[in-house]
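Given next are the chains, with one letter for each unit.
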Amino acid sequence: GDSTLLSELSTLRWWSKAFLISVPLVLILFAIWHWQFMMCGIILFLPSVRLIYWWYRNQALCPLDHVISSYAQGFYFLLFFGTGSGLIAFFFASIILYGFFLEITNDSGIWFWVWVVEYLRWTVFVFMEELWKALFLRWAKLRRQHRVGGYTRAHAVSGIGLSLGYATAQSLLFMVIVTAVLDSNGSARAQQTHEITSVEFGQMALWSIFFGVVSMPLNIMSTYLVGVSLANQPG
């Protein structure tokens, strides 16, 4: 019941408590920038509420700190390493691939090979993401197997928390880009006052729903499968 939830919250380690405090602070910063962005941020955090509800129904599986710390690692650290290295690899892959195809095609047939380049460079980006996810999950298994077991469903939960935290943070990052673009569009008055119109707010909401319905489930599914695979491996 509620007493169990409160007792679990009281046993959280300091970094898990710090993360829980940081979430409303992030939303407040969003509201200071654009209240519309804060609303989109709340939409993107809704799947995270579902994760807490799932733990509430399955408390015997693992402690709450296990779920929150995994989520926090994905939200901050994996975003920095995974998306950061992914964007760097994406940048260099773009230079190499465009240079290669321009050289061998002499700028002909660009309508065809540009799609090949897009596919390849986004594949590089996703590969870097998945590599960092596997590294984080491997590290989590070695670090926490004495607490929750390295061969149990509890370890696979690390993949869910990690990927959901990462997917949420990455979606928020992409929404920052979307909002910044919309912020600089529109009439001269809108650009001067940095006003988000109702139409632009609708576009932001659609992008938030897209990230929540498409990209976040894919992130969760892929990382959960990696977590299950690692849970079945010795060492």
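Residues numbered from 1 in each chain as written. Predicted model: local features only at pLDDT ≥ 70, side-chain atom pairs only at ≥ 80, totals over all residues. Heavy atoms only, no water.

So, on to the overall build of the chain. What the chain contains, in helices and strands, is eight helices and zero strands. Counting helices and strands in the order they occur from the N terminus, the chain gives α-α-α-α-α-α-α-α. The long-range share in the chain, meaning contacts at least 24 apart out of those at least 6 apart in sequence, stands at 78%. (Helix = DSSP H or I, 4+ residues; strand = E, 2+ residues; numbered from the N terminus. Contact = heavy atoms within 4.5 Å.)

What follows deals with the packing of aromatic side chains. All chains considered together, the criterion is met by 20 aromatic pairs. Note on phenylalanine 30 and phenylalanine 37: the rings are 4.4 Å apart at their centroids and 80° apart in plane angle, and the pair reads as edge-to-face. Relative accessible area serves as the criterion here: at 1%, phenylalanine 37 is assigned to the buried category. Their ring planes at 85° and their centres at 5.1 Å tell us that phenylalanine 80 and phenylalanine 81 sit as a pair that is edge-to-face. What makes phenylalanine 81 partly exposed here is its relative accessible area of 32%. Each member of the aromatic cluster is reached from another via a ring pair, and the members are Phe19, Phe45, Tyr71, Phe75 and Tyr76. (Phe/Tyr/Trp six-rings, centres within 6.5 Å; stacked < 30°, edge-to-face > 60°. Buried < 20%, exposed > 50% of the residue type's maximum accessible area, 1.4 Å probe, protein only.)

According to UniProt, the feature "transmembrane region" (unreviewed entry) maps to residues 37-56, 76-98, 110-128, 164-183 and 204-226 in the numbering used here. The annotated region residues 76-98 carries 100% helix and 0% strand content, and the separation between its end C-alpha atoms amounts to 32 Å. (UniProt positions renumbered as here; feature names shortened; annotations may be inferred.)

The largest bend in helix H4 (residues 64-105) amounts to roughly 55° and is located at leucine 78. Asparagine 106 lies just past H4 and shows a positive phi near 55°. (Bend = angle between axes of the 7 residues up to and from the residue.)

If you look at the biggest cluster of nonpolar residues, it comprises 37 residues, and the most contacted ones within it are Phe19, Phe45, Tyr71, Phe75, Met175 and Met204. Breaking this core down by element, the ones donating at least two residues are helix H2 (14-33), helix H3 (35-57), H4, helix H5 (110-148), helix H6 (153-183) and helix H8 (198-231). The dominant element in this core, judged by the number of residues it contributes, is H6, at 10 residues. Residues in contact with methionine 204, not counting those within four places in the same chain, are Gln36, Phe37, Cys40, Met175, Thr179, Leu182 and Ile196. (Core = buried A, V, L, I, M, F, W, Y, C linked by side-chain atoms within 4.5 Å.)

The next thing to look at is the packing of H2 against H3. In the contact formed by H2 and H3, the axes pass within 5 Å of each other and the chain directions differ by 145°. Along the contact surface, H2 presents Val23, Leu27, Phe30, Ala31 and Trp33, while H3 presents Trp35, Phe37, Met38, Gly41, Ile42 and Phe45. Of the residues assigned to the contact of H2 with H3, the class counts are 10 nonpolar, one polar and no charged. (Axes fitted to C-alpha atoms, helices over the stretch in contact; angles between N-to-C directions. Nonpolar A, V, L, I, M, F, W, Y, C, P; charged D, E, K, R; others polar.)

So, on to the layout of surface pockets. Of the volumes computed, that of the second largest pocket is approximately 320 Å³. At the level of elements, helix H1 (2-10), H2, H3 and H4 are the ones that each hand at least two residues to the lining of the second largest pocket. Broken down by element, the lining of the second largest pocket gets its largest block of residues, five residues, from H3. Here the lining of the second largest pocket is composed, by residue class, of 14 nonpolar, one polar and no charged. (1 Å grid on protein atoms, 1.4 Å probe; cavity = no way out; pocket = protein on both sides within 12 Å on 5 of 7 lines; lining within 4 Å. Points joined across faces, edges and corners; volume = space filled by probe spheres on them.)

The topology assignment puts serine 208 in helix H8. Look at serine 208 and you get buried, because its relative accessible area is 1%. Discounting chain neighbours no more than four positions away, the residues touching serine 208 are Cys40, Ile43, Leu44 and Met175.

Take the environment of tyrosine 71 next. Looking at where tyrosine 71 falls in the secondary structure, it is placed in helix H4. For tyrosine 71, a relative accessible area of 6% corresponds to the buried category. In this structure the C-alpha to C-alpha distance between tyrosine 71 and glycine 165, which are 94 residues apart in sequence, comes to 4.5 Å. Of the polar contacts made by the side chain of tyrosine 71, one reaches the side chain of serine 48; its length is 2.5 Å. (Polar contact = N/O pair within 3.5 Å; in protein donor to acceptor, adjacent residues only side chain to side chain.)

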